[in-house]
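# Notes for the structure review
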Amino acid sequence: MKLLVIVGSTRPNRASDLVVPWVTSRLAAHGGFEVETADLRDWPLPLFAEHPGTIGDISDPTYSQPIVRAWNAKVKEADAFLIVTPEYNHSVPGVLKNAIDTVWLSFGFRNKPVATVGYSSGIGGGIRAIEHLAQMFVEAEAVPLRNTVVLPFVHRAFDASGEPTDPMADAGLQILLEDLTWWSTALSKARAEGELQPGQLRARAAAAAAQG
């Protein structure tokens, strides 16, 4: 299974640089996934402005820029996702929301599991960002997982060697990876057996039939 770890913060001195090495080390020990990290610093996507005129051939969209096409392809090829996100103003960073929105018409997240690790400098641990991500990924027809990891007071969450100071952080991540493995296997099998068309395409077809 191909797992794409998406790093949702791009600002200087971001705390995700504390979190991501821990997550990827546990993924390596887990061994159940072929892991790739997509750091949004390396994906300077334009603000989402795609429309039917930017698509080109609908069977092989070109989009407005090569990086938009490449991002859709990168997401499409993954079987599962793990999002590492801080919380900005009770939600996700704009750059992360933009990256999710940019996966358009490729349906790259559809029928795939999404796990989340949230963090914050305060007591919340990113939980409100995680809740908003669940809403976004339901709309993308993905499967956001119930069990998540939250890291409050993130600057005190790891010791000098990068190990978590709270043993429940490792326990939570282990539960998350178990769930992600199960759902990845189940949904991969389901996709291989055949998928429905995306709901919005079926709705458009029904509307066109009703007007005809």
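The model shown is predicted, which means the values in this text are computed figures rather than measured ones. (Residues numbered from 1 in each chain as written. Predicted model: local features only at pLDDT ≥ 70, side-chain atom pairs only at ≥ 80, totals over all residues. Heavy atoms only, no water.)

### Some details on the UniProt feature "domain: NADPH-dependent FMN reductase-like" (unreviewed entry) in the chain
With numbering matched to this structure, UniProt assigns "domain: NADPH-dependent FMN reductase-like" (unreviewed entry) to residues 1-153. Spanning residues 1-153, this segment combines 34% helix with 20% strand, and its end C-alpha atoms are found 32 Å apart. (UniProt positions renumbered as here; feature names shortened; annotations may be inferred. Helix = DSSP H or I, 4+ residues; strand = E, 2+ residues; numbered from the N terminus.)

### Observations concerning the side chain of K112
Mapped onto the elements, K112 comes out in the loop between α4 (94-102) and β4 (113-119). The buried charged residue K112 lacks any salt bridge partner; its closest oppositely charged side chain belongs to D79, at an N-O distance of 5.9 Å. There is a polar contact of 2.7 Å between the side chain of K112 and the backbone oxygen of A78. Apart from residues no more than four positions distant in its own chain, K112 is found in contact with V75, K76, A78, D79, F81, A142, V143, L187 and R191. (Buried < 20%, exposed > 50% of the residue type's maximum accessible area, 1.4 Å probe, protein only. Lys, Arg positive; Asp, Glu negative; His and termini not counted. Salt bridge = Lys/Arg side-chain N within 4 Å of Asp/Glu carboxyl O. Polar contact = N/O pair within 3.5 Å; in protein donor to acceptor, adjacent residues only side chain to side chain. Contact = heavy atoms within 4.5 Å.)

### Describing the packing of aromatic side chains
Inspection of the entire model under this criterion finds 6 aromatic pairs. Ring centres 6.0 Å apart and planes at 75 degrees place the aromatic pair F48 and W104 in the edge-to-face group. On the criterion of sequence distance, the pair formed by F48 in the loop between β2 (34-39) and α2 (52-55) and W104 in the loop between α4 and β4 is long-range, its members being 56 residues apart. Here the basic side chain of R156 rests over the ring of F153, its NZ or CZ set 4.7 Å away from the ring centre. (Phe/Tyr/Trp six-rings, centres within 6.5 Å; stacked < 30°, edge-to-face > 60°. Lys NZ or Arg CZ within 6 Å of the ring centre and 35° of its normal.)

### Focus: the pattern of salt bridges
Pairs can form between side chains of opposite charge once their charged atoms are near each other. Applying the stated criterion across every chain, the model contains 12 salt bridges. Its salt-bridge partner being R14, residue D39 comes within 2.5 Å of it at the nearest N-O pair. One end of the pair, D39, is in strand β2; the other, R14, is in the loop between β1 (2-7) and α1 (16-30), and 25 residues separate them in sequence. Classification of R14 as buried rests on a relative accessible area of 8%.

### Considerations on the packing of α1 against helix α6 (residues 167-192)
When two helices pack together, their arrangement is given by the angle between their axes and by how far apart the axes lie. Between α1 and α6, whose axes approach to 11 Å, the crossing angle comes to 55 degrees. Between α1 and α6, the angle falls in the class oblique. The interaxial crossing formed by α1 with α6 has right-handed handedness. Facing W22, V23, R26, L27 and H30 of α1, the residues of α6 in contact are A169, D170, L173, L177 and T181. (Axes fitted to C-alpha atoms, helices over the stretch in contact; angles between N-to-C directions. Parallel < 35°, antiparallel > 145°, perpendicular 65-115°, else oblique. Left-handed = near helix turned anticlockwise from the far one by under 90°.)

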